[in-house]
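Structural overview for review
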Amino acid sequence: MKRNIDIIICTNKKLVVLEKLIHQIFSQKGNFSIKVIIIHQSSSIILLPNFLKDKNIIYKNIKKNNLSAAKNVGLKLTNSDHITFLDDDVLINNNYFL
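Computed from a predicted structure; not experimentally measured.

Some details on the packing of aromatic side chains
Centre distance and the angle of the planes are the two values used to describe a pair of aromatic rings. One pass over the structure, following the stated rule, counts two aromatic pairs. Ring plane angle 65° and centroid distance 6.1 Å describe the contact between Phe32 and Phe97, whose orientation is recorded as edge-to-face. With Phe32 in strand E2 (residues 32–41) and Phe97 in the segment after strand E4 (82–86), the pair connects residues that are 65 residues apart, well separated along the chain. Centroid distance Tyr96 to Phe97: 5.1 Å. Interplanar angle 85°. Geometry classified as edge-to-face. An aromatic cluster is built from Phe32, Tyr96 and Phe97, whose rings are joined through pairwise contacts. The ring of Phe85 carries the charged tip of Lys71 above its face, separated from the ring centre by 5.2 Å.

In structure tokens:
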């Protein structure tokens with residue numbers, strides 16, 4: 001049985017710093033359906049890097065730089081049985097979700 005996991009990443013950094021983490025998320029071992037929700041806390045409009053233009057990635061920009069508010073926005077965009085938050089500065093191994 002495939003398990004659905006929604007991963008919420010809140011960040012106020014430049015989005016390019018997420019490239020390695022996003023690659024690690026989608027390289028997970030196991031039978032998972034993964035959706036990544038990125039909540040970017042930035043007052044400026046930016047162009048999305050190509051690695052974020054995946055159908056399993058949702059990008060949402062909020063103007064307020066507030067981690068709690070960003071997490072709440074991310075939670076409203078989830079619909080999976082399993083939800084987790086990852087910090088924007090972590091790296092994970094390929095069996096993290098096992």
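That covers the picture; the talk isn't over yet.
Some remarks on the pattern of salt bridges
Under the definition given, this model contains two salt bridges. The salt bridge partner of Lys35 is Asp6, with a shortest N-O separation of 3.6 Å. With a gap of 29 residues between them, Lys35 in strand E2 and Asp6 in strand E1 (residues 3–11) connect regions that are remote in the sequence. Take Lys35 and Asp6: they sit in the same class, and that class is buried.

A look at the nonpolar core
By size, the foremost hydrophobic cluster in this structure holds 18 residues, and its most contacted members are Ile7, Ile9, Ile22, Ile25, Val36 and Ile38. At the level of secondary structure, the elements contributing two or more residues to this core comprise E1, helix H1 (19–25) and E2. The element contributing the most residues to this core is E2, with four residues. If sequence neighbours within four positions are ignored, Val36 has contacts with Ile7, Ile9, Ile22, Ile25, Phe26, Asn56, Ile57 and Ile58. Membership of the second largest hydrophobic core comes to six residues, among which are Ile8, Cys10, Ile37 and Ile62.

Description of the sheet that holds strand E3 (residues 57–62)
Strand pairing in a sheet relies on backbone hydrogen bonds, with the paired strands running either antiparallel or parallel. Spatially, four strands are ordered E3-E2-E1-E4 in an open sheet, and the strand pairing comes out parallel. Each end of this open sheet is capped by a strand with a single partner; those strands are E3 and E4. Along the sheet, successive strands turn relative to each other by an average axial angle of 20°, direction set aside. Across nine bridges, E1 lies against E2 in parallel orientation. The residue bridging Cys10 from the neighbouring strand is Ile39, located in E2. On top of the sheet, helix H2 (residues 67–76) reaches E1, E2, E3 and E4; it is set at about 140° to E2, its chief contact.

Cut-offs and rules
Residues numbered from 1 in each chain as written. Predicted model: local features only at pLDDT ≥ 70, side-chain atom pairs only at ≥ 80, totals over all residues. Heavy atoms only, no water. Phe/Tyr/Trp six-rings, centres within 6.5 Å; stacked < 30°, edge-to-face > 60°. Helix = DSSP H or I, 4+ residues; strand = E, 2+ residues; numbered from the N terminus. Lys NZ or Arg CZ within 6 Å of the ring centre and 35° of its normal. Salt bridge = Lys/Arg side-chain N within 4 Å of Asp/Glu carboxyl O. Buried < 20%, exposed > 50% of the residue type's maximum accessible area, 1.4 Å probe, protein only. Core = buried A, V, L, I, M, F, W, Y, C linked by side-chain atoms within 4.5 Å. Contact = heavy atoms within 4.5 Å. Pairing = 2+ DSSP bridges. Axes fitted to C-alpha atoms, helices over the stretch in contact; angles between N-to-C directions.

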